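# Reading the structure
Given next are the chains, with one letter for each unit.
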Amino acid sequence: MTSNGQVPVCTSCGAALDAGAVSGQCPRCLVSLALTISSIAVGERLGDYHVLGLLGRGGMGEVYRARDGRLGREVAVKLLPPELGGRADMLTRFEREARVLASLNHPNIATLYGFESDGERRFLVMELVSGETLDQRLARGPLPRLEALRIFRDVARGLAAAHDRGVVHRDLKPSNIALASSGAVKVLDFGLAKPGIDAFVPDSSRSMSPTLPLEETRAGALIGTAAYMSPEQAKGHEVDRRTDVWSFGCCLFESLTGERPFEGDSVAELLAAVLKEEPPWARLDRVDDPASTKLLQRLLVKDSTLRPRDLGDIALEIDARIAAGDDPNARGAARVAADEPAHPSAATRSRRRAWVAGALAAGLALGWAATRLLSPATSEPAGPFRRFAVSVGEAAGGIHSLALSSDGRVLVVAQNEIGAPLLRARLDRVGWEPVAGSESGEFPFFSPDGRSIAFFTSRENHLKKVAIDGGRTVVLAEGLVRNWGGSWSDDGFIVFNSESGGGGLVRVPDGGGPIERLTVPDRAAAEESHRWPQVLPGGDQVLFTIWSVGGNAPQIALYDLRSRSVRRLVAGLYGRFLPSGNLVFFDGRQGMVAPFDVGKGELAGPARPIEGFQAGGSWGHRAVAFADDGLMVRAVAALRRPVWIDRSGRREELESMPPADYHTPSLSHAGDRLAIAAADDGQSSDIWIHDLGSGRRSRLTLEGENASPVWVDDDRAIVFWSERGGVRRLYRRPVDGSSEAEPLLEQPHGRPVTTTPDGRFLATNNAFDIWLVPLDGTGEPTTLLRTEFVEGNPTFSPDGRWFAYISNEAGPFEVYVRPIDGSSGRLVVSRGNTDDVIWSASGREIVYRSSGQVFAAPVEIATGGAAPRIGQPVALFADRFLLTTA
């Protein structure tokens, strides 16, 4: 003790010191200081910042306490170490860290104030968190259970916010978790974060990977990072948000027990333990917390596909325990089941070039999460969220769409499998049952009393209804094309969308009868269709989404049946009104909420994001449903691999590609690489390039929502569609990443589809018309086909004289062929509802999908300018794929 009877403590971390200590610091901090060499002296200036002292030093920078001479506040300044400051690759990484931090704005993430320079020295200016790190706190022993739960609830919130922005930390450890003296918890140091690039670090660059940060390669220091490394990260494999889930589990384990879950006397032994051994679960017995033990067992699963994906859900689970008084033996306070089951890869087979490549099973995953979502938007949510997962194992083809009864008791799922019936489940029971008479059903919705379900059929193009407990199926409307949801009103009408009705809203009596047109899309305002209607209480107003083309964002709108007028409310899609007085909708994938006055038919306040609520997958909003009390059920994106498929329907998975939510595939003209858009649940979609020979892949896009890649410039570049800052454009970027993506069209004429065979023009499609865009930058886009009907999906014959496309000029969408020079009329290829078409690389077949069946029509190109001869289409196989030719 000191002379006044107090126990001496370390001036750096606060740990108790031995009576003989004279240095003022504990051995642990003395070792840390011995390895720290400051490159800036106290009192030196960095621009407008006066350096007050060194806070710490790591492989990616030195962090100093400094005073801002302009604003008079203390900040943290991060500077590259001298030995790295002159390296271009390190400067690039440093700038990337600045961009990552700038994209994150959350109370549990340290804020970036600026990225500045002082001569040749570049540095980050960040929020200074006064207090200690979790690493320093654990030097005094394990945390009390409730304190640990509160800290890691906030850590989970911060990481979930980063994940929602597409950022993976990759270096979470106790020293990167700050415990502010105010009680706030902050996640620090995103210097090794993965914002999309450097997802895979080759062996030659291993010194720059999270496995071996430069400073931590010194003797004994690597253990501090490797101990929190996920198995896939330790192997140098591709990592995603689930690597942070593992590290989060390691940190929580250590906080509760005071010991790390994996130990080793050397780096090799430690990594071997991470890869092969189980954590010492017996250490948790002394904590006497079964709920935390079960949570940790889910977090520390070595197979990443079996780990929870969403730390936002984990935060809600922990928060519910805290709100319930943290009774470790309480059951049902908050239940979060494991994410969807792993998707095993196909058996290894000999590689062969198939007739159709890059075919993708469409739809949503088999995992579901439900949340007691909202109280009125003007107040904070009442009580903790409640989330759980439901496995829909019977739906082998994935989930197309769903419906939830108004009382929240019954869930109906439409399967993404041709001919499959709707499935129903009661949320208070276990198991699923088929709804008799609902085969090929999609976009289901309940009657007001919850006793019947209405749905559209993808095979017959009908609107039907059937009792939820079974009975006679009644056809309400026929000849419908491309339907986008419906709503059943209290006064006995069903309002729905159908492309056969011009893309607007129509209604029909719920017993059948004449169809009445309600709205007509304004083509002059680039409105394509009116989708996802909801009849509001009272039956006089219909909430719906205006789906637009070009660069226009979708809008939530209100149709008044009395005045026959339309009022636009807010930018967004899939709006749903809840009796709590809220309008819930999506801004891109982000869930939003705003107070809504039904009587006035207008928003009663500003919209705000809903933390932890994002649509899963590229079309995830179509599989979200709400009950009257705010219970929300949503889908998790399907994580699948692309496949090769031959004309017999035999599949072969591309095992070199990790499971993801893939869409819009495009093969290079040489057939050696695949460009494809991919996203994880709730994250933005990016374009990836896969080398089909080596199995390597690289990320082409780093920001925005990206899709529809097309190979141009002799396979040296990709043109793609991207939405950034609410504006949609076409961009072009070299495949080798030698330059940044540049806008090709400021006002895009729809999405890119393909190029003409000579590579001179890009064909685009804005759902109404087909355009040709010069790729050499000369001239303006011109229309290849413009009629009063909807045309799409252009695909060219190899000789460049003809193109095939789909059009609804005869009612349902069918395949036609026209000459590019417009010298003659069109030829009919298919009959029936068609939604995808490609002209084979050989030129001898036109392949298309109609009502879930894939057909091939033989083609004979005539000489002398005569029209091609098209034979009788042959059915090949039944399935849902996104097609691209090999």
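Quick caveat, the model's predicted, so the values are computed rather than measured.

The rules behind these values
Residues numbered from 1 in each chain as written. Predicted model: local features only at pLDDT ≥ 70, side-chain atom pairs only at ≥ 80, totals over all residues. Heavy atoms only, no water. pLDDT = per-residue confidence, 0-100. Helix = DSSP H or I, 4+ residues; strand = E, 2+ residues; numbered from the N terminus. Contact = heavy atoms within 4.5 Å. Salt bridge = Lys/Arg side-chain N within 4 Å of Asp/Glu carboxyl O. Buried < 20%, exposed > 50% of the residue type's maximum accessible area, 1.4 Å probe, protein only. Phe/Tyr/Trp six-rings, centres within 6.5 Å; stacked < 30°, edge-to-face > 60°. Lys NZ or Arg CZ within 6 Å of the ring centre and 35° of its normal. Core = buried A, V, L, I, M, F, W, Y, C linked by side-chain atoms within 4.5 Å. Pairing = 2+ DSSP bridges.

### Some points on the confidence of the model for the protein
Looking at the protein, the pLDDT average stands at 76 and 76% of residues meet or exceed 70. Ranking the elements of the protein by mean pLDDT puts helix H1 (residues 27-34) last with 33 and strand E27 (residues 555-560) first with 95. Within the model, pLDDT remains below 50 along residues 1-7, and this stretch shows four contacts once partners closer than five positions in the same chain are excluded.

### Some details on the pattern of salt bridges
Summed over all chains, the structure comprises 40 salt bridges. In this structure, the salt-bridge partner of Arg-140 is Glu-132, at a minimum N-O distance of 2.9 Å. Relative accessible area serves as the criterion here: at 40%, Arg-140 is assigned to the partly exposed category. The residue Glu-232 makes a salt bridge to Arg-307 at a minimum N-O spacing of 2.9 Å. On the criterion of sequence distance, the pair formed by Glu-232 in helix H7 (residues 231-234) and Arg-307 in the loop between helix H10 (290-299) and helix H11 (311-323) is long-range, its members being 75 residues apart. Residue classification places Glu-232 among the buried positions, given a relative accessible area of 9%. Among the ionic contacts, a cluster of salt bridges with common partners joins Asp-48, Asp-68, Arg-70 and Glu-116.

### A word on the packing of aromatic side chains
In the structure shown here, the tally under the stated rule is 16 aromatic pairs. Ring centres 5.9 Å apart and planes at 85 degrees place the aromatic pair Tyr-49 and Phe-123 in the edge-to-face group. With a gap of 74 residues between them, Tyr-49 in strand E2 (residues 49-58) and Phe-123 in strand E6 (residues 121-127) connect regions that are remote in the sequence. An angle of 55 degrees between the planes, with centres 6.1 Å apart, marks the rings of Phe-443 and Trp-484 as tilted. Of this pair, Phe-443 sits in strand E17 (residues 441-446) while Trp-484 sits in strand E21 (residues 483-488), and the two are 41 residues apart along the sequence. For Phe-443, a relative accessible area of 8% translates into the label buried. By relative accessible area, which is 15% here, Trp-484 ends up buried. Of note, Arg-507 hangs over the ring of Phe-493, and the distance from its end group to the ring centre comes to 4.4 Å. In this structure, Arg-531 is placed above the aromatic ring of Trp-484, and the distance from its NZ or CZ to the ring centre is 4.0 Å.

### Some thoughts on the nonpolar core
Counting 58 residues, the largest nonpolar core has Phe-152, Val-155, Leu-172, Ile-177, Phe-190, Phe-248 and Leu-311 as the members making the most contacts within it. For this core, the leading source of residues is helix H5 (residues 145-164), giving nine residues. Look past the residues within four positions of Phe-248 in its chain and what remains in contact with it is Phe-152, Val-155, Ala-156, Leu-159, Leu-172, Leu-299, Leu-311, Ile-314 and Ile-318. Counting residues in hydrophobic clusters, the runner-up holds 28 residues, among them Trp-547, Val-584, Phe-613 and Val-624.

### Observations concerning the sheet that holds strand E52 (residues 814-819)
Within a sheet, neighbouring strands are paired by backbone hydrogen bonds and run either parallel or antiparallel to one another. Reading across the sheet, the four strands line up as E50-E51-E52-E53 and stay open at both edges, with antiparallel pairing between neighbours. For this open sheet the edge positions go to strand E50 (791-796) and strand E53 (827-828), each flanked by a neighbour on one side alone. Looking at chain direction, E50 and strand E51 (residues 802-807) are connected through four bridges and run antiparallel. Bridge pairing in E51 links Gly-792 to Ile-806.

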